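# Structure assessment
Single-letter residue listing:
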Amino acid sequence: MQPQTELLMNIRDEIERELKDIRIALSELSDDGRIYMELGDGRVEKEYFRGSSVGVYPVLFLIKRPAEKEPDCVEALSGICNYYKKKWKSPSGGSYQARGAVIASEPNKAGRQEDGNVLYSCIINFKISY
């Protein structure tokens, strides 16, 4: 498994294991209460002569709920952000080594849909070496 794919799967597994009431979807944003998570446009921060690299990979968390559930959106995303603020590291993997995690964007309203649903998002930058 490639380091980026393993990172995404490990983040999902860790959040669902440690934050019991949060469920993550990797496929699409849905109406079933899960938080959608996707890997953003990463960048290589350092490359070494032996072929290893240090990369920073932003992970977007997006949630959609009816307007009356807005506090629930903030609560769920804040739980994820606060967990990684305290932990400071991404979950380790077999194909990469965790180097850190930084909140790039705190929970915020990303938009409102015509059907009255609101979208909230946050972004966490995960640093790994592989």
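Residues numbered from 1 in each chain as written. Predicted model: local features only at pLDDT ≥ 70, side-chain atom pairs only at ≥ 80, totals over all residues. Heavy atoms only, no water.

## Remarks on the packing of aromatic side chains
- Applying the stated rule across the entire model yields 3 aromatic pairs.
- Aromatic side chains Y57 and Y130 sit 6.4 Å apart centroid to centroid with 45 degrees between the ring planes, which places their arrangement in the tilted category. One end of the pair, Y57, is in strand β4 (residues 53-66); the other, Y130, is in the segment after β6 (117-129), with 73 residues separating them in the sequence.
- Relative accessible area serves as the criterion here: at 6%, Y57 is assigned to the buried category.
- With centroids separated by 5.1 Å and ring planes inclined at 90 degrees, the aromatic side chains of Y84 and F126 adopt a geometry described as edge-to-face. On the criterion of sequence distance, the pair formed by Y84 in helix α2 (residues 70-87) and F126 in strand β6 is long-range, its members being 42 residues apart.
- For F126, a relative accessible area of 0% corresponds to the buried category.
- In this structure an aromatic cluster arises from ring pairing among Y83, Y84 and F126. (Phe/Tyr/Trp six-rings, centres within 6.5 Å; stacked < 30°, edge-to-face > 60°. Helix = DSSP H or I, 4+ residues; strand = E, 2+ residues; numbered from the N terminus. Buried < 20%, exposed > 50% of the residue type's maximum accessible area, 1.4 Å probe, protein only.)

## Some thoughts on α2
- The first and last C-alpha atoms of α2 sit 26 Å apart over 18 residues, in line with the 26 Å expected at 1.5 Å per residue.
- All buried positions along α2 are accounted for by E70, C73, A76, L77, I80, C81, Y83 and Y84.
- Buried residues along α2 sit against α1 (3-18), β2 (35-39), β4, β5 (97-112) and β6.
- Looking one or two residues beyond α2, the residue adopting positive phi is W88, at roughly 70 degrees. (Expected span 1.5 Å × (residues − 1). Contact = heavy atoms within 4.5 Å.)

## A word on the pattern of salt bridges
- Here the structure, examined in full by the defined rule, presents 7 salt bridges.
- Residues R12 and D13 are paired through a salt bridge, measuring 3.2 Å at the closest nitrogen-oxygen approach.
- When its relative accessible area of 33% is taken as the criterion, D13 is described as partly exposed.
- The network of salt bridges with common partners includes E70, K109 and R112. (Salt bridge = Lys/Arg side-chain N within 4 Å of Asp/Glu carboxyl O.)

Don't take any of this as a statement about function, it's just geometry.
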